[in-house]
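Tertiary structure, described
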Amino acid sequence: MRAVTTLIITVALTGCLAASPPVPAPDTFVPNCGQDRFRGLVGQDAAILRELDLPGTTRVVKPGMALTQDYRPDRLNISIDEDGLINRVWCS
C-alpha cells in the first residue's frame, strides 16, 4: 500500500514540474542576402546585371513572373520593370 501511495504522489508531483521555457526569437531579424551592396542598382538598366558577380541565390524577377512563396533570408531578389529598369532589391 505504501508503494502505491508513493507512486501516486510521485506521478502527481511530476505534473507540477515546470518545463524549460522556450527560447525566445530574436527581437530583430536581419536578412543576410547582401541587399545593401546592390541597392544602388535601383533605377539602372537591367543589362548591368550581366556584368556583376551576383550571389548564387539571386533571383531576377521580371514583370508577370510567378514566384514561390518560400522564405529564404539568403536569397537576393532583383525586380525589373516593364521598361527593363531595376526597380527593387530585397531579400526573401
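Here we take up the overall build of the chain. For the chain, the helix and strand inventory stands at 2 helices and 3 strands. Starting at the N terminus and ending at the C terminus, the chain contains elements arranged as α-α-β-β-β. A buried classification covers 22% of the 92 residues belonging to the chain. Taken as a whole, the chain presents about 7100 Å² of accessible surface, with 59% of it coming from carbon and sulfur.

Moving on: the nonpolar core. In terms of nonpolar packing, the biggest core is built from 11 residues, these being Cys33, Phe38, Leu41, Ala46, Leu49, Leu76, Ile78, Ile80, Ile86, Val89 and Cys91. Mapped onto this core, the elements with two or more residues apiece are strand E2 (76–80) and strand E3 (86–91). Setting aside chain neighbours within four positions, we find Cys33 in contact with Pro55, Pro73, Asp74, Arg75, Leu76, Trp90 and Cys91.

Glancing now at the pattern of salt bridges. Summed over the entire model, instances satisfying the criterion amount to 3 salt bridges. Between Asp70 and Arg75 there is a salt bridge, with its nearest N and O atoms 3.4 Å apart.

As paired elements, E2 and E3 share 5 bridges and run antiparallel to each other. In the strand pairing of E3, Ser79 is matched with Arg88. Hairpin connection from E2 to E3: 5 residues lie between these consecutive antiparallel strands, with Gly84 at a positive phi of about 80 degrees.

With the rule as written, the count across this model stands at 0 aromatic pairs. Between Arg88 and the ring centre of Trp90, over which it is positioned, the NZ or CZ distance is 3.9 Å.

With that settled, the discussion passes to the state of the cysteines. Throughout this description, disulfide means a covalent bond between two cysteine sulfur atoms. Across all of its chains, the model carries 1 disulfide by this definition. Across a sulfur-sulfur distance of 1.8 Å, Cys33 and Cys91 are joined as a disulfide pair. Measuring the twist about the S-S bond at about -80 degrees, one finds the Cys33-Cys91 disulfide to be left-handed. Note that Cys33 is positioned in the loop between helix H1 (2–14) and helix H2 (35–38) and Cys91 in strand E3, a separation of 58 residues in sequence. For the pair shown, Cys33 and Cys91 are each scored as buried.

The rules behind these values
Residues numbered from 1 in each chain as written. Predicted model: local features only at pLDDT ≥ 70, side-chain atom pairs only at ≥ 80, totals over all residues. Heavy atoms only, no water. Helix = DSSP H or I, 4+ residues; strand = E, 2+ residues; numbered from the N terminus. Buried < 20%, exposed > 50% of the residue type's maximum accessible area, 1.4 Å probe, protein only. Areas by Shrake-Rupley, 256 points an atom, 1.4 Å probe, with all protein chains shown as cover. Core = buried A, V, L, I, M, F, W, Y, C linked by side-chain atoms within 4.5 Å. Contact = heavy atoms within 4.5 Å. Salt bridge = Lys/Arg side-chain N within 4 Å of Asp/Glu carboxyl O. Pairing = 2+ DSSP bridges. Phe/Tyr/Trp six-rings, centres within 6.5 Å; stacked < 30°, edge-to-face > 60°. Lys NZ or Arg CZ within 6 Å of the ring centre and 35° of its normal. Disulfide = S-S within 2.5 Å.

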